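Spelled out, the chains give:
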Amino acid sequence: MSPLLSQVLQVHRALHTVRVVRRILHATAAALALQLLLRITGWDVGASFAVLPAVALGATVWWLLGNRGHASRPSEPDALARTALWVEEQRVAARTAPDFALTTAVEMLAAGTAVPHALALVAARAMQESPLDAALWRARRAAWQWPVLFGVTCLMLMRVSAADRTQEGAAVATRTVPTGDTARPTATAPLGAWSVRVVPPAYSALPAVTHGDVNNVSALSGSTVVVSGAGPAPHAELTAVNAKRATMVAAREDASRWQFTVLAGSAPQTARVSRGGTTRLLIVEGHADSVPRVSLDAPARDSVFREPRGAVPMLATVQDDIGLTRAHFELIVTSGEGERFTVRTLLLRERSWPGSARIRSTELRGVLDLATLGLQAGDVVHLRAVARDAHPSASREFGSSETRAFRIARPTEYDSVAVEPAPPPEVDKSMLSQRMLLMLTEKLDKAQKRLVHAEVLRESLKLARDQTRLRLAVGDVVFQRLSGESSAEHAHSAGDGHDHGVELQGGKLAMSTSSTTGMLEEGNDSPVVAINQPLLEAYNAMWDAGRALEQGNPHAAIPPMKRALEAIERSRAASRIYLRGKPPQVIVDIGKVRLTGKDTGQVTLRSARAALDARAADRDTRLVRAASQVTTNTMAARDSVALLRVEALGDAPAFAAALSRVLAAMDRGGDATDVFVEARRVLGNVLRTRTTSWSRGVVP
Amino acid sequence: MLYAPFVFATAQYESGDWDSAPLVPANLIDSLARYTSLPVRPQGVTVPLGSEAVFQYPLLYLTGHLPVRFTAREAEVLKQYLERGGMLFVDDHNHDVDGAFNKTAREEIRRVAGPLLPLPNTHELYRSFFVFENGPPTTSHEMNGWGDNLVHEQLDAVVKDGRIRVLFSNKDYSSEWSFHPDNKRFLSVDNTRFGVNIVVYALTR
C-alpha cells in the first residue's frame, strides 16, 4: 500500500470511530432520558441503573444494525475517495483552494491504477497541507458534544431526584415514634394497629361508634370515619370502587398519634395505609340513607261508590332505617270530565316526630269520611300514604305507598265495574206497589163473600188497572237496549212482525226462538243487549194477575201476584256488574292509505279514438245533419235517417239497428237526443261503461 | 317482510284515564302509512304498563287527565323498559302545568327515569322525518286557551346516552290528534306529522 493511501486510510478509521462513538452516546442519552422519565412519572422499576446498560446496549446494537448499510468499509474505493474528499474540504476551511488531486490519486490507487508522478506529488502536498488534527477534533466535538451534554443533564436531574428521596427517607427515619407509653426514636416503624371511629351525620341523630382495629367498617353516607393510630403519620391513599386514581389522604400527626378522616359516600371506598414496609387496607362501606318504606294496607283495592258518603278506613305501615319525621295520607280529588278538570290535594292524619322523638316504624290510621270531601258524581279520589325522613337535602325523595282510587259513580253511567252494590232499579217502587196491590187483592178476596158481584168487579177492575200500570213500568226495564231505550212494549202488538228477540204470546212476553244473534242483527231497531229474566217473569205473572182481576176474580190473581213479587225481589237482590265500555277500535287500511291496496274493480282505459273511415265519416256527417234538422224539419230528418238506415243494413247492421231506435223515437215524439248519441257511438264503435254503484265501473 | 311491523302501543296504567284519547293510535298509524314506508300494523294495541309485554314495543304512548301513580310493578317494568332502549311518549291531556296529570306524571317519571329537562328545539327529534324549524308544533288547544292558557315553547325529555328515553309534552297532542283519520282531508296541513317524527325517532335512534 502506498504511503498516501495509508494516510487516507488512517483518517478514514478516525472518522469511523467518531461516528461509532456518537451512536453509542446517542443510545446512552436515550436510555438516561428513559430512566429519568420513569422516575418522574413514578414508575418504580426496581434497580433502575441495572436497566440502563441493557437499554443502552440494546439501543446501540439496534442503531448499528440499522445503519449497517450506511457504514462503509475502509477497503471500499468509494469510502477512501470520500475520505480523501473530506481531507480536501478541510483545505477549504484553511482557505486553500482545492485541486482534488488527492481525491483523484486515491481513486486511482484504490482502483489499482498507476498514479502519474506529478499527480502523486500534488496529492502528497495536499495531504500534508490539510489541517487534519484540528479537523478531526472539530468533527469529534461536533459529533459528541450534544449527546454528552444531554446525557449529563439527565444524570444530574436523576441525581437531584435521588437526593430528594434520600432526604425524605432520612427525615422519616429520624422522626420520633412513640410506642405505647414510651416514645423512642425509630427508623420507619411498621404500621401497627389502628382505631376506627364512625361519626354519623348530624341529621341522623345517631351516636358515634368506635370499632377498634377493624379492616371493614360500614357507615351511613355522609358519616365521618376517623382512623387513628400510634406512631408517625403513614402514607394513606383513598380509592373509590371502580375508580382508576387514588386520592392522597393527609394524615394529621399530633404528638404521639396520627389520624386521618374519610367521608363516607354512598359507595364503598378503600383506604390504603402504608408505613415502614407494612401496608393495610381499610374498606369503608358507605350506604345511602334509604327513603321511608310505606305500604297502604287499607283500603286494599280501588273502588266505585254509588254515593259520595260513607267511611273508608285507612291504614298504612311506615318504616325507615334512620327515623321518620313526618307522615300523612295524601288525597287528590279530581272533579270534572271531558277537557275540564279541577284538582285539590288534601293531607289527612298528619303526624310528625321532631328531633329525638323520631321513630323507625309506625302505623298511620284514620277514617276517610267521604261526605266531608264534598264529592260530586264522577269525582275521583286518589289516596296514598306519604312519609319523610330527616334527610336535610332539599331534593330528598320521600316515601310513598301505592295509590288507591275511588270513584263516585255517575247516575247515568253503566260502563264501570262496580264493586259496590249498584243503585236499586226503579222497579223497587213497583215492588212496594206490587206488595200493596197484593194486600188489597187479598183483602178484596176475603171481602168478596159479603159483597155483591158488581162491587167486587168494580174493585177488581181498579186493581187490574193498577196492575197493568205496574206491568208496563216493569216492562220498561226488562230489556236493556244498546241505545238506552228499554221499553218492551213499544211495538209488540200481535202479529206485527216486529221480532227482535221478544214476541208476544197471548199478551205475555216470551223469548224468541231466533236467539240472541237474531236480536243483534236487527236493522234500525236498537239491539237488545241484556234481558232481566226475573223481571220478565214478573211481567208475565203480572199479566196473569191483571187478567184475573179484569175478570173479577181476585182470588185467582193472588198466586201470580205473589210470583211477581217474588220475582221482583229476586231481581232486586241480583248482583250487578257494570262493564267498562270498550273504546272505539279504528283499524287503518294501510293499503288504502298508501294507495297500494287491491282493487276489485277495473279501471276503464281511455285511449285515442281511431279515425272513422271515409264511408263512416260520411254517414256520421249525414247523421249529425239529420239530428240538427229534427227540431226544424222533422220529416226531412226522419227521411234522412231512414235512408241512412237502409244503406247501413248491409255492411253495418248494428248501426242500422241503432238507427231503427232513432226512427222509433222520432215516431214516438219527444227527446231523441239519447238515441242519436247512441247511434253515433255505434257508428264510431265507441264502447261506453255502464254506470254502476262502483264508481269506476266495469267494462260491459 | 323482513322486519316485524311497527305496532303502536298505548300504555295502560292502573290509575287515571289512560284511554282518554282512543283515536290517537289510529291517527298516527294512518300518518305512518301515509308518509313513510315503515311496515306498520293497522291497529294499535293497549298494553298494561305492569306487564312485560311492553318490552315488545319500541314506543309507548301514555296520556290522561287524572293523577298518575305507578304501582311498584309498573314502575319496575317501566324502568327496565327504558333501560332496554324503549321510549316513552307522555302527553298531558289536560295541557295544564298546574293539573293533576302533569304534576303526578312528572313525579313518577322522575322516580323511574330521572328528572325531565327542556329539550332544545334544535334537537334531532324535530328533523327525524319532517322538519320543524321552531320545535314542537303548536296545538289548537294551546291557542284556544284551554288548560293553563299557555303555548308551551318546548317539550321536556329525559335524555341518556344521547337518546331520548322519555318525551314529555304539555301541548295536548292527545286532543289535537284524537280524530278519525278519515277527517284528515279537511285539514290544510296534517297536524299529526310530528307524531311521525316521534315514531321514526324511536325506531331509528
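Just so you know, these numbers come straight off a predicted model, no measurement behind them. All residue numbers refer to position in the chain's written sequence, counted from 1. Written order determines the labels here, with chains lettered from A and ligands numbered from 1. Only residues with pLDDT of 70 or above have their local features reported here, since the model is predicted, and side-chain atom pairs are shown and tallied only from 80 upward, although totals for entire chains, interfaces and linings are computed over all residues. Water and hydrogen atoms play no part in the side-chain values, which are based on all heavy atoms of the structure.

Helix and strand content of chain A: 16 helices and 24 strands. Out of the 700 residues in chain A, the part that is buried amounts to 36%. Contacts in chain A between residues at least 24 apart in sequence constitute 65% of all its contacts with a sequence separation of at least 6. For accessible areas, the Shrake-Rupley method is used with a probe of radius 1.4 Å. Any residue's cover is judged against the shown protein chains and nothing else. Carbon and sulfur atoms make up 56% of the accessible area of chain A, which amounts to about 40,500 Å² in all. Numbered from the N terminus, helices here are DSSP runs of H or I no shorter than four residues, and strands are runs of E no shorter than two. A 1.4 Å probe rolled over the protein chains alone gives each residue an accessible area, and that area as a share of the maximum for its type sets the label: buried under 20%, exposed over 50%, partly exposed in between. The contact definition used throughout considers only heavy atoms, calling two residues in contact when any of these lie within 4.5 Å.

A few words now on the overall build of chain B. Across its full length, chain B carries 6 helices and 7 strands. For chain B, the N- to C-terminal ordering of α and β elements is β-α-β-β-α-β-α-β-α-β-β-α-α. Counting across all 205 residues of chain B, residues that qualify as buried make up 58%. Taking the intrachain contacts of chain B between residues at least 6 apart in sequence as the baseline, contacts between residues at least 24 apart amount to 76%.

Residues and elements named next belong to chain B. Membership of the largest hydrophobic core comes to 37 residues, with the highest contact counts inside it found for Leu 59, Leu 125, Leu 167, Phe 194 and Ile 198. In terms of residue count, helix α6 (residues 193-204) provides more of this core than any other element does, 7 residues in total. The residues contacting Leu 167, other than those within four sequence positions of it, are Met 87, Leu 88, Phe 89, Val 90, Leu 119, Leu 125, Leu 155, Asp 156, Ala 157 and Ile 198. Of all hydrophobic cores here, the second largest spans 28 residues; its members include Tyr 13, Leu 49, Leu 78 and Ala 105. The set of buried Ala, Val, Leu, Ile, Met, Phe, Trp, Tyr and Cys residues whose side-chain atoms join them within 4.5 Å is what this entry labels a nonpolar core.

Residue and element names in this part refer to chain A. Helix span, expected: 1.5 Å multiplied by one less than the number of residues in the helix. The terminal C-alpha atoms of helix α5 (residues 117-129) lie 18 Å apart, and with 13 residues this matches the ideal 18 Å at 1.5 Å per residue to within 8%. All buried positions along α5 are accounted for by Leu 119, Ala 123, Ala 126 and Met 127. Mapping the buried residues of α5 onto a view down its axis gives an arc of 100°, with all of them on the same face. Opposite the buried face of α5, by more than 90 degrees, sit the exposed residues His 117, Ala 118 and Gln 128. Each C-beta atom gives one direction from the helix axis, and the arc is the one those directions make.

Turning next to the pairing of strand β7 (residues 163-169) of chain B. Residues and elements named next belong to chain B. Most of β7 sits inside the fold, with 7 of its 7 residues counted as buried. Two strands make a pair as long as DSSP finds a minimum of two bridges between them. Bridge count between strand β4 (residues 87-92) and β7: 4 bridges; the pairing is parallel. Bridged to Leu 88 within β7 is Val 166. Inspection of the sheet shows strand β6 (residues 155-160) paired to β7 by 5 bridges, in the antiparallel sense. Each bridged residue has a counterpart across the sheet, and for Asp 156 the counterpart in β7 is Phe 168. In this structure, the hairpin formed by β6 and β7 is closed by a connection of 2 residues, where Asp 161 is found at a positive phi of approximately 55°.

Below, the discussion takes up the pattern of salt bridges. Residue and element names in this part refer to chain A. The term salt bridge refers to a pairing of a side-chain nitrogen on Lys or Arg with a carboxyl oxygen on Asp or Glu at a separation within 4 Å. Considering all chains together, one arrives at 37 salt bridges over all chains under this definition. As a salt-bridge pair, Arg 280 and Asp 213 come within 2.8 Å of each other at their nearest N and O atoms. Taken together, the residues Arg 280 in strand β12 (residues 278-287) and Asp 213 in the loop between β4 (209-212) and β5 (216-220) connect sequence positions 67 residues apart. Relative accessible area serves as the criterion here: at 42%, Asp 213 is assigned to the partly exposed category. For Glu 307, the salt bridge goes to Arg 309, with nearest N and O atoms at 2.2 Å. A relative accessible area of 28% places Glu 307 in the partly exposed class. A residue is classified by how much of its surface remains accessible, and Arg 309, at 54% relative accessible area, is exposed.

Now for a nonpolar patch on the surface. Residues and elements named next belong to chain A. A surface patch of nonpolar side chains, about 260 Å² in accessible area, is lined by Val 148, Val 152 and Met 156. Within the secondary structure layout, Val 152 lies in helix α6 (residues 132-173). Classification of Val 152 as partly exposed rests on a relative accessible area of 39%. Patch membership is restricted to residues that have no salt bridge and whose relative accessible area is over 30%. Joining uses 9 Å for like charges and 5 Å for the nonpolar side chains Val, Leu, Ile, Met, Phe, Trp and Tyr.

Relative to the assigned elements, A:Gln90 resides in helix α3 (residues 77-93). Any N or O atom pair separated by 3.5 Å or less is treated as a polar contact, with the protein-specific requirement of one donor-capable and one acceptor-capable atom, and with residues adjacent in sequence counted only for side-chain atom pairs. From its side chain, A:Gln90 meets the backbone oxygen of A:Trp86 in a polar contact 3.0 Å long.

This part covers the side chain of A:Ser400. Here A:Ser400 shows up in strand β19 (residues 399-400). Under the relative-accessibility criterion, A:Ser400 is labelled buried at 16%. A polar contact of 2.8 Å, which involves the side chain of A:Ser400, links it to the side chain of B:Arg111. Once you skip the residues sitting within four places of it in the chain, A:Ser400 turns out to touch A:Val294, A:Arg384, A:Ala385, A:Val386 and B:Arg111.

This paragraph deals with the environment of A:Arg615. By the secondary structure assignment, A:Arg615 is in helix α13 (residues 614-629). Here the side chain of A:Arg615 touches A:Asp651 through a polar contact of 2.9 Å, side chain to side chain.

Another aspect to go through is the interface of chain A and chain B. Counting residues at the interface gives 27 residues for chain A, matched by 37 residues for chain B. Buried area: the accessible area, evaluated with a 1.4 Å probe, that two parts lose upon being put together, summed over both parts. Taken together, both faces of the contact between chain A and chain B bury some 2,600 Å²; the carbon and sulfur share is 56%. Broken down residue by residue, the surface that chain A buries against chain B is led by A:Glu339, A:Val586 and A:Arg594, which jointly contribute 24%. The closest approach of N and O atoms between A:Arg384 and B:Glu107, which form a salt bridge, is 3.1 Å.

Take the pairing of strand β3 (residues 194-199) of chain A next. Residues and elements named next belong to chain A. Burial along β3 is one-sided: Trp 194, Val 196 and Val 198 are buried, and none of Ser 195, Arg 197 and Val 199, which face the opposite way, are. In terms of strand pairing, β3 meets strand β6 (residues 224-230) through 6 bridges, oriented antiparallel. Each residue of the ladder has a partner; that of Ser 195, found in β6, is Ser 228. Examined bridge by bridge, β3 and β4 share 3 bridges and lie antiparallel to one another. Looking across to β4, one finds that Arg 197 is bridged to Thr 210.

Right, let's get into helix α4 (residues 101-110) of chain A. The complete set of buried residues in α4(A) reads A:Ala101, A:Leu102, A:Thr103, A:Ala105 and A:Val106. Remark: A:Gly112 follows α4(A) within two positions and exhibits a positive phi of approximately 80°.

The pairing test for Phe, Tyr and Trp rings, Trp by its six-membered ring, is centres within 6.5 Å, and the orientation test on the planes gives stacked under 30 degrees, edge-to-face over 60, and tilted for anything in between. Overall, the coordinates contain 12 aromatic pairs over all chains when judged by the stated rule. Measuring from ring centre to ring centre gives 5.8 Å for A:Trp258 and A:Phe260, while their planes differ by 10°; the resulting arrangement is stacked. Both rings, one in B:Phe6 and one in B:Phe8, keep their centres 6.4 Å apart while their planes meet at 85°; by these two values the pair is edge-to-face. The burial state of B:Phe6 is the same as that of B:Phe8; both residues are buried. Here the aromatic residues B:Phe6, B:Phe8, B:Tyr61, B:Phe89, B:Tyr126, B:Phe132, B:Tyr173, B:Trp177 and B:Phe194 are joined through ring pairs into a cluster of three or more. A cation sits over an aromatic face here: A:Arg280 above A:Trp194, 4.0 Å from the ring centre. Each ring is checked for a lysine NZ or an arginine CZ that lies within 6 Å of its centre and within 35 degrees of its normal; such an atom marks a charge sitting over the ring.

This part is about the sheet that holds strand β10 (residues 257-263) of chain A. Residues and elements named next belong to chain A. Read from one edge to the other, the open sheet built from 5 strands follows the order β4-β3-β6-β10-β9, with strand pairing classed as antiparallel. Sheet topology places β4 and β9 (252-254) at the edges, where each strand pairs with a single neighbour. Taken pair by pair, the neighbouring strands of this sheet meet at an average axis angle of 25°, ignoring direction. What counts as an axis is a line fitted to C-alpha atoms, over the stretch in contact for a helix, and the angles between N-to-C directions run from 0 to 180 degrees.

Confidence along chain B averages 91 in pLDDT terms, with 98% of residues attaining 70 or more. Listed scores for the predicted complex are pTM 0.47 and ipTM 0.71. pLDDT runs from 0 to 100 and stands for how confident the predictor is about each residue.

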